[in-house]
Amino acid sequence: MSEKRVVPQVIFPILKFCIYLRIVFVTIAHPNARPLSRQLHAEETTSPMNTEHTLVEDYYDKETFKRIKSLADTKETPFVVIDLATVERHYDVLQELFPYASVYYAVKANPAPEIITLLRDKGSNFDVASIYELDKLLAHGVTADRCSYGNTIKKSRDIRYFYEKGVRMYATDSEADVRNIAKAAPGSKVYVRILTEGSGTADWPLSRKFGCQSDMAMDLMVLARDLGLIPYGVSFHVGSQQRDIGAWDAAIGKVKVIFERLKEEDNIILKMVNLGGGFPANYITRANALETYAEEITRFIEEDFGSDFPEIILEPGRSLISNAGILVSEVVLISRKSHTALQRWIFTDVGKFSGLIETMDECIKYPIYVEKHGELEEVVIAGPTCDSADIMYENYKYGLPLNLAVGDRMYWFSAGAYTTSYSAIEFNGFPPLKSYYV
Ligand SMILES: Cc1ncc(COP(=O)(O)O)c(C=O)c1O
């Protein structure tokens, strides 16, 4: 027998005996202790209870909340109320902070006519995902030259539809799509979407499905030129609710390399960088202020591009709309799963299928405000459908007042974006989430 094999033969039984002794000790000393494996699992997947009441003033100024609440008090739940003055203010602040950028509102965040017309009149452009969004924009007086077809996944006949309506700017990330654009929208501007890092720090990551590696991006721009298109720029999306501002630094660095190499090697002069969305809204997990994003991102562009500052596009969705809205629901049922259970289940009349899909994997943690005060108790929060996936929060421990009762209202703050547009049409017979605008 070799020496190498003797060592494990001696050590493993000793190690096993030590582990056995530790388990016996833990069991005698702490008779109620959970097995070690369960403790580890619990530490990984659960969080301590949120011990603070959600405060209105952390999310809305008094006047705004009053405006929203007065309308909410007259309506039957569930619904979202959007304060249009807040959307307008967010748009103005964004333009002030990025004076050099053109804003293309990501319509998917909330395609309500009230928001489209407000942003139309503010001079915004629009990032469009489908022919249906395009039709809606055109029907509300947005001209085609203010639209960009930002979805990299599109049918050839839909590209033709956009072209016939007058749209001349298209996102792409694949050869087949570039060829389709060249045929269906000849001579148009194309920008290529690249893959970026940052999915670990974005609450709602977007990158893996969209974009391509830099090498391929360059090849696509060369192909676009050869097929008669205008290679116009590079886009990326660092992930929605991106909390690491450095994600833009890395992405802008990649874009700069693409700009330089295409210029040197293929004589292609790109003009535009599309910085995507990803800018923050206020949820329970805080992010830096938008001012800080703007300062840092501007510095990154200056450092990489110097005096050759490119044309910049922003595609905000969440940061413009989320904090302008409050989703209002009602408690349908409160229960415990056993007589001694320490947790209550709060079932409410809105759920994953009626607007709160972004609670999937508990990604977005909406601040929940209720009008009752007093001692808080750990709760699981679930929706009204007969689907066991319709649980919004179980691992993250919301604390809600013990005196919360059936019929009480729950106010889901910062829920203006990605709620009405994600709501199912008729799951379990429930109608789509209603929305009102003040
Ligand atoms: C292409 C594109 N641009 C912009 C956005 C908006 O991003 P955000 O809501 O993070 O601002 C999205 C969101 O999905 C998107 O797909």
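The structure we're discussing is the one just above.
Engineer: Tell me what's going on with the overall build of the chain, and back it up with residues and numbers.
Structural biologist: Counting its secondary structure elements, the chain contains twelve helices and 18 strands. Burial analysis of the chain (438 residues in total) assigns 40% to the buried set. For the chain, the share of sequence-separated contacts (at least 6 apart) that also reach a separation of at least 24 residues comes to 72%.

Engineer: Give me the lowdown on the packing of helix α9 (residues 214-226) against helix α10 (residues 246-266), citing residues and values where you can.
Structural biologist: Interhelical geometry of α9 versus α10 gives an angle of 45° and a closest axis separation of 10 Å. One element, α9, and the other, α10, form an angle in the oblique class. Handedness of the α9/α10 crossing: right-handed. Between α9 and α10, the residues in contact are S214, A217, M218, M221 and V222 and K254, V257, I258, R261, L262 and D266, respectively. Of the residues assigned to the contact of α9 with α10, the class counts are seven nonpolar, one polar and three charged.

Engineer: I'd like a rundown of the site of the ligand, residues and numbers included.
Structural biologist: Near the ligand lie 17 residues; those nearest to it are A106, S240, G277, G317 and R318. Of the residues that constitute the shell around the ligand, the class distribution is five nonpolar, eight polar and four charged.

Engineer: Please give an account of helix α5 (residues 113-122) that cites residues and values.
Structural biologist: Those residues of α5 lying buried are I115, I116 and L119. Projected down its long axis, α5 carries its buried residues within an arc of 100°, all on one side. Contacts made by the buried residues of α5 are with α4 (84-97), β2 (101-106), α6 (131-139) and α12 (318-321).

Engineer: How would you explain the pairing of strand β12 (residues 325-335) if you had to name every residue and give the values?
Structural biologist: Here is the key point about a regular strand: its side chains alternate between the two faces of the sheet. Of the pairings in the sheet, the one linking strand β1 (residues 79-82) to β12 comprises four bridges and is antiparallel in character. From the neighbouring strand, I82 faces β12, where its bridge partner is G325. The pairing of β12 with strand β17 (residues 409-413) spans five bridges and is classified as antiparallel. Residue L327 lies in a different strand from β17, and its bridge partner there is W412. Of the strand pairs in this sheet, β12 and strand β13 (residues 344-348) are connected by four bridges, and their pairing is antiparallel. Pairing of V331 across the sheet is with T348, part of β13.

Engineer: So what about the packing of α10 against helix α11 (residues 290-305)? Which residues, and what values?
Structural biologist: Viewed as axis vectors pointing N to C, α10 and α11 meet at an angle of 25°, and their least axial separation amounts to 10 Å. Taken together, α10 and α11 sit at an angle that is classed as roughly parallel. Here the hand of the crossing between α10 and α11 comes out right-handed. Listed contacts from α11 to W248, D249, I252, G253 and K256 of α10 are I297, F300, I301, D304 and F305. Residue composition of the contact of α10 with α11, grouped by class: six nonpolar, one polar and three charged.

Engineer: Please provide a residue-by-residue account of unusual backbone geometry, values included.
Structural biologist: The omega torsion of the bond from T77 to P78 falls at -5°, within 30 degrees of zero and hence cis. Mapping P78 onto the fold places it in the loop between α3 (62-72) and β1.

Engineer: Mind laying out the nonpolar core, listing which residues take part and the relevant values?
Structural biologist: The biggest cluster of nonpolar side chains holds 105 residues, and the ones touching the most others in it are V190, V234, W248, I326 and W412. With eight residues, the single largest contributor to this core is α10. Split by domain, this core shows at least three residues from each of two domains, domain 1 (111-316) and domain 2 (323-437). Ignoring any residue separated from it by four or fewer positions in sequence, one finds W412 in contact with I326, L327, S329, Y366 and I368.

Engineer: Break down helix α8 (residues 175-184) for me, with residues and values.
Structural biologist: Looking at α8, one finds that the buried residues are D177, V178, N180, I181 and A184. Mapping the buried residues of α8 onto a view down its axis gives an arc of 160°, with all of them on the same face. Where α8 is buried, its residues touch α7 (156-165), β5 (169-172), β6 (189-193) and α9.

Engineer: Tell me about the environment of L262, and please be specific about residues and values.
Structural biologist: Among the secondary structure elements, L262 is positioned in helix α10. Judged by C-beta crowding, with 20 C-beta atoms within 10 Å, L262 ranks as buried. Sequence-wise, L262 and V222 are 40 residues apart; in three dimensions their C-alpha atoms are separated by 8.1 Å. Setting aside residues no more than four positions away along its own chain, L262 makes contact with M218, M221, I268 and L270.

About the cut-offs
Residues numbered from 1 in each chain as written. Predicted model: local features only at pLDDT ≥ 70, side-chain atom pairs only at ≥ 80, totals over all residues. Helix = DSSP H or I, 4+ residues; strand = E, 2+ residues; numbered from the N terminus. Buried ≥ 20, exposed ≤ 12 C-beta atoms within 10 Å, placed from the backbone. Contact = placed C-beta atoms within 7 Å. Axes fitted to C-alpha atoms, helices over the stretch in contact; angles between N-to-C directions. Parallel < 35°, antiparallel > 145°, perpendicular 65-115°, else oblique. Left-handed = near helix turned anticlockwise from the far one by under 90°. Nonpolar A, V, L, I, M, F, W, Y, C, P; charged D, E, K, R; others polar. Near = placed C-beta within 6 Å. Arc of directions from axis to C-beta. Pairing = 2+ DSSP bridges. Core = buried A, V, L, I, M, F, W, Y, C linked by C-beta atoms within 7 Å. Domains from an automatic or database assignment.

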